[in-house]
Amino acid sequence: MDRIVEVSSTSPPPTLQTRKLIASIATLFALACLIALGALFNIATSLNADEREKSSFYAHKALEQRLEAARQFLSSYAVWDAAYEHLNGAADLKWAHEEKNVGDSLYTASGFEGVFVVDDHSTKYALFKGQLSSAPASTYIDDALAPIIAQARNVAAERQQITRHILFNAWPAVLSAAAIRPDDEELGIDPQTTSVMIFVDQLTPEKLANLSAGAGLTGMRIEKTGALAADESSLPLGTTGYRLEWLTPRPGDQLLWAVLPPLLGAMLVLGLLMVYFFRYALRTSREIDGTLQRLQASNLALEASEQRFRAVAEAASDWIWETDRHHRLSYLSQRFVAVTGFSTEDWLGQPINQLLSCETTPLTLWLDNQADSDPGQMANLRCGYRDQNGQLRFCRVSARSIMIKGKLAGFRGTASDITDEVAAHARIQHLSMHDALTGLANRNKLSRFLEQALLKGQDAAPLTLLLLDLDSFKPINDSLGHAAGDAVLLEVATRLRESTRDGDLVARLGGDEFVLVMNGMDSRNEIDRFCARLIDNLHQPIHFEEQILHVGASLGVAQTRLQGFDAGELIRCADIALYQAKADGKNTWRYFSPEMNEQIQYRRQLENDLRKALKNNEFVLHYQPRYRLDTLQIVSVEALVRWQHPVEGLLGPDTFIPLAEQTDLIVPLGRWVLREACETARSWPQELLVSVNLSPAQFSRSDVVSDVYKILVDTGFPAQRLELEITENVMLNDIEGALGTMTALKELGVRLNMDDFGTGYSSLGYLRTYPFDSIKIDKRFIAGLSSDGNDRAVVQAIINLGKAMGLTVTAEGVETEQQLKALSKEKCHEVQGFYLSRPIDKQAFEQLLRQPVGAGLPRDAM
Ligand code: C2E
Ligand code: CA
Ligand code: CA
């Protein structure tokens, strides 16, 4: 798993973390900005407030000074002996005005707009802007005079004056008033009776300008009470309803103006930088997120695919390998260990061709070819190797080149163990070429051998073919059973093998028929001696279970030098010679001679007749019923073919079926029988089954399945009423093919019956594998039932076996009452035989069907 980068799934994704970080930084930044701005505004405000306070102070001070000045100025006029003298009683205008003691200079020089001398009742003296006026003071002064006079008199003793802001001529002015008194240390007069001198100093713009300049203030003016601008300050002027206003500098504002723009600019720039940075960070972390997710996804996918690969690699029966460019193994799956017994370390780094080898092509060369071939295709090669135990094993190697960046990096593939397959194949190969019982070559192998040997024709080395048939073998088989027969056949096979040399061939054609193909033995003399020795050899006693058995042999001889180079012809000639030898008294041999052709002639004639018979419709079917053993009801009927020969009369199948099988005529004949049986039986009772015999030759030389299908369709005969009887010879030649055919037949819906059960060598095995519905015990065993021999046990066993496998068991060839009774005792399902009914023609069978159950049977059978 080192290829997988671990990605923790518990830590939050970077985007989330970045977002949080950004949020906190942004908040901090905003907070810092706010605090800075707040502090700045605070400073500005307090600066402004300070300045305002300061200016107020100066303004106030200036006003105070003005009042003080006015008071002192007034004091110098009011506290004056001469003034008391001239103005306290009746006002001495001459003294005051003309002599200018209290004259116009008060206005022109000192700026007092109004100068009055009043007492409780009148204005005694009045100057308005320096001019003598007859109007009373109250004309100008917009304030009650009585309290002013009273207050002024009250403070006269202390040489004090009063001042206040009043409206003079409807404009604010500073009024100062003082009681007129002599300038004595002790006040010797009653101040309540003296006149009061009033000076009015109007706050004109010029005076305000002076005041303003004196106080260091600007924009000083007088306004009625109302709203003030931010940069203005004011002081009330008594109860006049007016106030003194001036402009206050605002250093705070200046500071703000000076600092705020660059500060805000800096903040903005910083903010923008931060936004940019945040966006960049977010994008980056999102990208990282995406990359992480993709990485995670691809890790998961990789892990899944690795798991899948491992599961497949471990579950597969195959092992997986990889090599580098130089065919050195770089990987072996665990299965390799299980299959071969080696550990992977034993072989990693070793060249693959030291492990595996191929008989037909060097493995490495083959691998190199893979690199050049179509990458979509996987080629296979059968290789062998010795496993850990030294056992030879086979595997099917598939390979593909590994290309990295267009360059060959190595090879990879699988190796399927096919040891069993190879062994099975070899077995099948052997079986198909050899006789199962004796291990000798069979007819197939013989044909091939002859084909090869005769290929060169004239130029080939001379061959002698001996066809051998055992005499008196059948009685041994019939009386002593198959085991004895088999023992004899095995012993004969051994002796034949021992009599021949390496290049020769011994084959068994079936039954007790053998062929010997002799190389380089051509002279009659030689052949005669060999035959005599062989017959003598075979005649030697054979021991079987304490019994001594004797067989003889007859031989037919054919030679390529004389009979030509056609294999079929050679066998036929040897066959005719053999026939002659048997006819001449057995235990001898005969060379083929043309005179023996009569026999051939006869066969040819018969063959021609058979051909014509098909055309002329000379065949007829006879029907032999099959009965349920418990009720003796007819449940089925077997169609058996006969030949109505124009010259020789009605011939049984034994005379022409073998010939038909040899000449392929069996195919059309078989079709005819099947069609005829189906057509005839269609009108018979629905529950009645019809059996038709199929020859093994029909299996190998025609498509039985399509024939049966076509006939069923054509005749409309229901498939489930048709039963096909097959002997196990069908299976001898082509086990796999026969199974396929039978399965296909079953799929058509027909029933399959194994005929002549018990005569083959491995019937039991077939029963298990093949889809039979029923078996028919061969009549040989039924014939043996009456005697108290082996056969009874065999029949018993077959019935039990058949039942155990769910098959219907029929006994054929029932000829006697005892046999029927015995079968009944063994609970055989169905019976067939001469005792119940011989095969009869169609009319007779239809008549039988019309009779009540059991009517045609011998009384004992009931
Ligand atoms: P098989 O299929 O075993 O047929 C039974 C044979 O036994 C029949 O002889 C029948 O007449 C005979 N048989 C019936 N009951 C008894 C009995 O109680 N005792 C004795 N000793 N024999 C009995 P058949 O009709 O001569 O037929 C001989 C063989 O010819 C058949 O043996 C079958 O293998 C073959 N054969 C007959 N008809 C056809 C056919 O249409 N096609 C093919 N391929 N073969 C056929
Ligand atoms: Ca039959
Ligand atoms: Ca039979």
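Looking at an unreviewed UniProt entry, the protein carries the name EAL domain-containing protein, with the source organism given as Pseudomonas alkylphenolica. The UniProt entry for the protein carries the following text under Cofactor (unreviewed entry): "Mg(2+)". Its UniProt record gives the protein a comment under Subcellular location (unreviewed entry), which states: "Cell inner membrane".

(A) Examining the overall build of the protein more closely. Across its full length, the protein holds 31 helices and 31 strands. By the compact-globule yardstick of 29 Å for 862 residues, the protein is too spread out, its C-alpha radius of gyration being 73 Å. Each principal axis of the C-alpha atoms in the protein carries an extent, and together these give about 215 × 75 × 50 Å. When the accessible area of the protein is evaluated, it comes to approximately 44,400 Å², of which 53% is carbon and sulfur surface. Separation between the mean location of the 85 positive side-chain charges and that of the 109 negative ones in the protein comes to 5 Å.

(B) Region of the structure containing the coordination of the calcium ion (ligand 2). The coordination sphere of the calcium ion (ligand 2) contains the protein donors Glu-638 (OE), Asn-693 (OD1), Glu-725 (OE) and Asp-755 (OD), at a distance range of 2.2 to 2.3 Å. Between the calcium ion (ligand 2) and the calcium ion (ligand 3) the interatomic distance comes to 4.2 Å, and Asp-755 is a ligand of both metals. Here Glu-725 is found in strand S26 (residues 722-726), whereas its partner Asp-755 is found in strand S27 (residues 751-757), with 30 residues between them in sequence. Exposure remark for Glu-725: the relative accessible area of 1% places this residue in the buried category.

(C) Inspection of the coordination of the calcium ion (ligand 3) at higher detail. Around the calcium ion (ligand 3), the protein contributes the donor atoms Asp-755 (OD), Asp-756 (OD), Glu-812 (OE) and Glu-812 (OE), which lie 2.1 to 2.8 Å from the metal centre. For the calcium ion (ligand 3), all donor residues lie on one chain, and their spacing in sequence is D-D-x55-E. Judged by relative accessible area, which is 8%, Glu-812 ranks as buried.

(D) Up close: the site of ligand 1. Around ligand 1, the surrounding shell holds 21 residues, and the nearest of these are Gln-624, Arg-642, Asp-755, Glu-815 and Phe-834. Gln-624 places a side-chain nitrogen or oxygen 3.0 Å from a nitrogen atom of ligand 1. With the chains in place, 83% of the 790 Å² that ligand 1 exposes on its own is no longer accessible. Taken together, the elements giving at least two residues each to the shell around ligand 1 come down to strand S23 (634-645), helix H21 (653-662) and S27. Looking at the shell around ligand 1, the element that brings in the most residues is S23, giving four residues. Class assignment for the residues of the shell around ligand 1 results in eight nonpolar, five polar and eight charged.

(E) Looking closely at the pairing of strand S25 (residues 689-693). Extensive coverage of S25 is indicated by the burial of four of its five residues. Sheet analysis places S23 next to S25, joined by four bridges and oriented parallel. Bridge pairing in S25 places Ala-639 opposite Val-692. As defined by bridge partners, S25 adjoins S26 across four bridges and the pair is classed as parallel. If you follow Asn-693 over to S26, its bridge partner there is Glu-725.

(F) How the structure looks around the sheet that holds strand S7 (residues 218-224). The strand order across the open sheet formed by three strands is S7-S9-S8, and the pairing between neighbours is antiparallel. Strand pairing shows two members of the sheet lacking a second neighbour, S7 and strand S8 (232-236), which therefore form its edges. Sheet twist, expressed as the mean angle between neighbouring strand axes with direction ignored, is 25°. Pairing analysis gives five bridges linking S7 to strand S9 (residues 242-247), with the strands arranged antiparallel. The residue bridging Lys-224 from the neighbouring strand is Tyr-242, located in S9. Its contacts with the sheet put helix H1 (residues 14-78) on S7, S8 and S9, and the angle it makes with S8 is roughly 35°. Contacts between helix H7 (residues 205-215) and the sheet are confined to S7 and S9, with S7 contributing the most and set at about 130° to the helix.

Conventions we followed
Residues numbered from 1 in each chain as written. Chains lettered and ligands numbered in written order. Predicted model: local features only at pLDDT ≥ 70, side-chain atom pairs only at ≥ 80, totals over all residues. Heavy atoms only, no water. UniProt positions renumbered as here; feature names shortened; annotations may be inferred. Helix = DSSP H or I, 4+ residues; strand = E, 2+ residues; numbered from the N terminus. Rg over C-alpha atoms; globule rule 2.2 N^0.38 Å. Areas by Shrake-Rupley, 256 points an atom, 1.4 Å probe, with all protein chains shown as cover. Lys, Arg positive; Asp, Glu negative; His and termini not counted. Charge placed at Lys NZ, Arg CZ, Asp CG, Glu CD. Donors = N, O, S within 2.8 Å, 3.2 Å for Na, K, Ca; no water. Buried < 20%, exposed > 50% of the residue type's maximum accessible area, 1.4 Å probe, protein only. Near = heavy atom within 4 Å. Polar contact = N/O pair within 3.5 Å; in protein donor to acceptor, adjacent residues only side chain to side chain. Nonpolar A, V, L, I, M, F, W, Y, C, P; charged D, E, K, R; others polar. Pairing = 2+ DSSP bridges. Axes fitted to C-alpha atoms, helices over the stretch in contact; angles between N-to-C directions. Contact = heavy atoms within 4.5 Å.

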